[in-house]
Amino acid sequence: MARPGPGLLLSTNGLGYPPQNLARVVVWEWMNEHGRWRPYSAAVCHHIENILKGDARGTVVLGQVDGQLSPYIIDLQSMHQFRQDTGTMRPVQRNFYEPSSAPGKGVVWEWENDNGSWTPYDMEICVTIQNAYEKQHPWLDLTSIGFCYLIDFNSMSQTNKQSQRKRRLRRRMDLAYPLIMGSIPKSQSWPVGASSGQPCSCQQCILVNSTRAASNAILASQRRKLHGGAAGNTGATGTLTTVRQSNTFAGTSLWSPSSPGTNNVSIGGGQAKGEQVQVPLSPANFPVMSSHGHNTLAINGQNNLNRPGTQRISMASPRGTIPPGVPALPVKNLTGSGPVHPALAGLPVCLTRAPKPILHPPHISKSDMKPVPGVNGMRRKTKKKHLRKGKTPEDVVRRYTDKIKVAPDEDCTICMERLTMASGYEGVLQHKGIKPELAGKLGKCGHMYHLLCLVAMYNNGNKDGSLQCPTCKTIYGEKTGTQPPGKMEYHVIPHCLPGYPDYKTIRIVYDIPAGVQTNEHPNPGKKFSARGFPRQCYLPDNEKGRKVLKLLITAWDRRLIFTIGTSSTTGESDTVVWNEIHHKTEFGSNLTGHGYPDPNYLDNVLTELSAQGVGEDNVKD
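Residues numbered from 1 in each chain as written. Predicted model: local features only at pLDDT ≥ 70, side-chain atom pairs only at ≥ 80, totals over all residues. Heavy atoms only, no water.

Student: Would you mind going over the nonpolar core in detail, with residue names and values included?
Tutor: Counting 41 residues, the largest nonpolar core has Trp28, Tyr40, Ile48, Leu62 and Trp109 as the members making the most contacts within it. Elements with a minimum of two residues in this core: β1 (24–31), α1 (42–54), β4 (72–75), β6 (89–97), β7 (107–112) and α3 (123–134). Ranked by residues supplied to this core, first place goes to α3 with six residues. Setting aside its immediate chain neighbours within four residues, leucine 62 contacts Tyr40, Val44, Ile48, Leu69, Tyr72, Ile74 and Gln81. Ranked by size, the runner-up nonpolar core spans 39 residues in total, among them Ile493, Cys537, Val576 and Val614. (Core = buried A, V, L, I, M, F, W, Y, C linked by side-chain atoms within 4.5 Å. Buried < 20%, exposed > 50% of the residue type's maximum accessible area, 1.4 Å probe, protein only. Helix = DSSP H or I, 4+ residues; strand = E, 2+ residues; numbered from the N terminus. Contact = heavy atoms within 4.5 Å.)

Student: Could you give me a rundown of the pattern of salt bridges, with the residues and numbers involved?
Tutor: Under the definition given, this model contains 25 salt bridges. Two residues, lysine 487 and glutamate 489, come together in a salt bridge whose shortest N-O distance is 3.8 Å. Taking the relative accessible area as the measure of exposure, lysine 487 reaches 27% and is therefore partly exposed. Where lysine 526 meets aspartate 574, a salt bridge forms, and the shortest distance between an N and an O atom there is 2.9 Å. (Salt bridge = Lys/Arg side-chain N within 4 Å of Asp/Glu carboxyl O.)

Student: Before we move on, can you summarise the environment of arginine 24 with the specific residues and values?
Tutor: You can see arginine 24 is positioned in strand β1. The buried category is assigned to arginine 24, whose relative accessible area is 2%. Arginine 24 sits 154 residues away from proline 178 along the chain, and the two C-alpha atoms are 8.4 Å apart.

Student: Please provide a residue-by-residue account of helix α5 (residues 393–400), values included.
Tutor: Those residues of α5 not exposed but buried are Pro393, Glu394, Val396, Val397 and Tyr400. All buried residues of α5 fall inside an arc of 165° around its axis, so they share one side. Where α5 is buried, its residues meet β19 (401–403), β20 (439–442), α6 (451–459), β22 (467–468) and β23 (475–476). (Arc of directions from axis to C-beta.)

Student: Explain the packing of helix α7 (residues 543–557) against helix α8 (residues 601–611) to me, and be specific about the residues and the numbers.
Tutor: When two helices pack together, their arrangement is given by the angle between the helix axes and the distance between those axes. For the pair α7 and α8, the least separation of the axes is 10 Å and the interaxial angle reads 25°. Considering the angle they form, α7 stands roughly parallel to α8. Like other packed secondary-structure pairs, α7 and α8 cross with a definite hand, here left-handed. Together, Lys544, Gly545, Lys547, Val548, Leu551, Leu552 and Ala555 of α7 and Leu602, Asp603, Val605, Leu606 and Leu609 of α8 make up the contact between the two elements. Residues belonging to the contact of α7 with α8 are distributed by class as follows: eight nonpolar, one polar and three charged. (Axes fitted to C-alpha atoms, helices over the stretch in contact; angles between N-to-C directions. Parallel < 35°, antiparallel > 145°, perpendicular 65-115°, else oblique. Left-handed = near helix turned anticlockwise from the far one by under 90°. Nonpolar A, V, L, I, M, F, W, Y, C, P; charged D, E, K, R; others polar.)

Student: Which residues make up the environment of threonine 570, and what values go with them?
Tutor: Note on placement: threonine 570 falls in the loop between β29 (562–565) and β30 (575–578). Using a relative accessible area of 34% as the deciding quantity, one classes threonine 570 as partly exposed. Spatially, the C-alpha atoms of threonine 570 and threonine 86 are 8.9 Å apart, while their sequence positions differ by 484 residues.

Student: Help me get a handle on the pairing of strand β5 (residues 80–83), residues and values and all.
Tutor: For a regular strand, the rule is simple: side chains alternate between the two faces of the sheet. With burial as the criterion, each face of β5 is covered, one bearing His80 and Phe82 and the other bearing Gln81 and Arg83. Note: β4 against β5, four bridges, orientation antiparallel. When the bridges of β5 are listed, tyrosine 72 appears paired with arginine 83. As consecutive antiparallel partners, β4 and β5 are separated by four residues, and within that stretch methionine 79 has a phi angle of approximately 55°, a positive value. Summarising the sheet, β5 and β6 pair through three bridges and their orientation is antiparallel. Within β6, the position partnered with glutamine 81 by the bridge is arginine 90. The hairpin formed by β5 and β6 contains five residues between the paired strands, and glycine 87 there has a positive phi angle of roughly 85°. (Pairing = 2+ DSSP bridges.)

Student: Before we move on, could you go through the sheet that holds strand β28 (residues 535–540) and cite the residues and values that matter?
Tutor: Ordered in space as β18-β24-β25-β28, the four strands form an open sheet in which the pairing is antiparallel. With partners counted over all chains shown, the strands left at the sheet margins are β18 (379–381) and β28, one partner each. Within the sheet, the average angular offset between the axes of one strand and its neighbour, ignoring direction, is 20°. Two elements, β18 and strand β24 (residues 487–493), share three bridges in a ladder whose sense is antiparallel. Looking across to β24, one finds that arginine 380 is bridged to methionine 488.

Student: Describe in detail the sheet that holds strand β10 (residues 149–152), supporting the description with residues and values.
Tutor: Overall, antiparallel pairing links the six strands, which are arranged β8-β7-β12-β11-β10-β9 in an open sheet. The open sheet has two edge strands with one neighbour each: β8 (118–120) and β9 (139–141). Sheet twist, expressed as the mean angle between neighbouring strand axes with direction ignored, is 30°. Pairing geometry for β9 and β10, over three bridges, is antiparallel. Looking at the pairing, tryptophan 139 lines up with aspartate 152 of β10. Docked against the sheet, α3 engages β7, β9, β10 and β12 (166–173), running at close to 105° with respect to β7.

Student: Hey, could you go over the confidence of the model for the protein chain for me, with residue numbers and the actual values?
Tutor: For the protein chain, per-residue confidence averages 73 on the pLDDT scale, and 67% of positions sit at 70 or higher. Within the model, the stretch residues 229–354 combines pLDDT values under 50 with 274 contacts to residues more than four positions away or in other chains. (pLDDT = per-residue confidence, 0-100.)

Student: Outline α1, listing residues and values.
Tutor: Along its 13 residues, α1 runs 19 Å from first to last C-alpha, staying within 8% of the 18 Å computed at 1.5 Å per residue. Among the residues of α1, those classed as buried are Ala42, Val44, Cys45, His47, Ile48, Glu49 and Leu52. For α1, the elements touching its buried residues are β1, β3 (59–61), β4, β6 and β13 (179–180). (Expected span 1.5 Å × (residues − 1).)

Student: I'd like a rundown of unusual backbone geometry, residues and numbers included.
Tutor: Excluding glycine, a negative phi dihedral is what most residues carry, and trans is how most peptide bonds are arranged. Following phenylalanine 533, the chain continues into proline 534 via a peptide bond in cis, with omega recorded as -5°. The topology assignment puts proline 534 in the loop between β27 (527–528) and β28. Backbone torsion omega between tyrosine 596 and proline 597 reads 5°, so that peptide bond is classified as cis. Structurally, the position occupied by proline 597 is in the loop between β30 and α8. Phi at methionine 79 is positive, roughly 55°, even though this residue is not glycine. For methionine 79, the location among the structural elements is in the loop between β4 and β5. Of the residues examined, methionine 79 reaches a relative accessible area of 1% and is grouped as buried. Even without being glycine, glutamate 580 reaches a positive phi, approximately 70°.

Student: I'd love a proper account of the packing of aromatic side chains, names of residues and values included.
Tutor: Within this structure, the stated rule accounts for 12 aromatic pairs. Here the aromatic rings of tyrosine 400 and tyrosine 476 are separated by 5.8 Å at their centres, their planes lie at 50°, and the arrangement is tilted. In this pair, tyrosine 400 is assigned in helix α5 and tyrosine 476 in strand β23, connecting sequence segments 76 residues apart. Each of the two residues, tyrosine 400 as well as tyrosine 476, counts as buried. Between tyrosine 596 and tyrosine 601, the aromatic rings sit 6.2 Å apart at their centres with planes inclined by 90°, giving edge-to-face as the arrangement. The two residues tyrosine 596 and tyrosine 601 agree in class, both being buried. Cluster of aromatic residues (ring-pair linked, three or more members): Tyr510, Phe533, Trp556, Phe562 and Trp578. Seen from the ring of tyrosine 476, lysine 444 lies directly overhead, with NZ or CZ sitting 5.4 Å from the centre. (Phe/Tyr/Trp six-rings, centres within 6.5 Å; stacked < 30°, edge-to-face > 60°. Lys NZ or Arg CZ within 6 Å of the ring centre and 35° of its normal.)

So, in structure tokens, the structure goes:
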């Protein structure tokens, strides 16, 4: 099946440059721990483009447009995303697609993960799926673009061709990505003087220039150690078969000889269709690493706003390898006292533009810590998993559903089979008293499913005696989570939060140690890590703040505050992560979006708690 590649633009000259009045759709992307470029949402991309118009070397605070991205900023000059509370850095890029493609139309394709939430595909896959969908193909094999999955448009499912595991997928409409016309501003080096083009002589810029030089030296040393001195063998030569890239929107060609008689290649991380090119390599000119007997070019990262897409090299390192020229050093803290200073990791640190957040209050003695008025005690420990004996999955499903005599001719959104037909779990699950063709209606929301499908969904969950509608998320019963053992402390401290000058502050301290996963966790028997504990969070000591605290205590007792999974910021798996209830971890400022003032926070967290089944009716006076 022929499918056009993402962002493919028609060339008008030998260099592949588009006409200046050609429209392009802009998608900003960040690189995850697997080397895949993950797209930001359309709203975030519009925000970045607006900042870019005003200052191409500025800083983008992502929390201003998406509360879930509050800790993150993007430095447009170094083209890196920076998490301010952990110091983690990831490369970002600015990619381009045709206006008629999926991002130009606001089409988003997503797959359902193990938690029942929806994850968007990489943009190149989204574009490929949309192209096949528009051509009314019944199915799509993603093997040709490096993924072992089969997309079935009739059942709207994705099947792993190796494990045969099937997942649901969906197509939804969202905001279209930003559309731009004309030329794109070229990237500039940083820092630069106002008129002379010479580096600024301020202390901050001197610091960055010196540490950046040290960073380059460290990275070069690491590359030499990693590649085992292959570059030092000046007598060796090899042939690199590579896909020729088109630097569609940059100012110069990607393919330019650096000296007479040599074919040195400069690759900027783009993706485009092109011819196969045989390029003779000399290890004296390039760092080369051996891979299965072939010589592979090590690509240096470029600080360029105009990178076109994910680079592909036909005989290079496997998918997921981050180019060694791209710095990805974790920074332990923001004070410079950790192993790596933020500036040394390649991120411009300009305190006049990005002041340090005030994460914690001044030192407080134990005698100054007072109980929260109206709240019993000052500490809670995680309760063990609360099992409801005598309640089989069939009992739970029957408790919250009503039988329907005549099933409507519509899909069961769990198995994607018609309600008038047998459940897709027929033959997979066998339960006495529940026939595969029986359908039921949930009591509160009225959504209808096969009863056998609801049993399968319950068995795949926490098995705590509660059900959650997969369509509208209405909770039936008391939902509990998989939070590992730990303790929660709370008390009043004699300091006020920004925006609440007339109130003291409630401080919450969560502490969860590392341990071993149990049967309710993703990988039973495997160790899990607990980074950043104890974690301190803050609420104003007023009526609404105390109400939020009481509900957070209830959520803690139900083990809903944390869970074990994969960190969305560091990419680390099998670690303790927040569980969709936002907390304010920044005491005296709001640089990360996790601080004060934030007049909407208390209302927002009440909504998030309600979505977990912890409502105001759970407040105990």
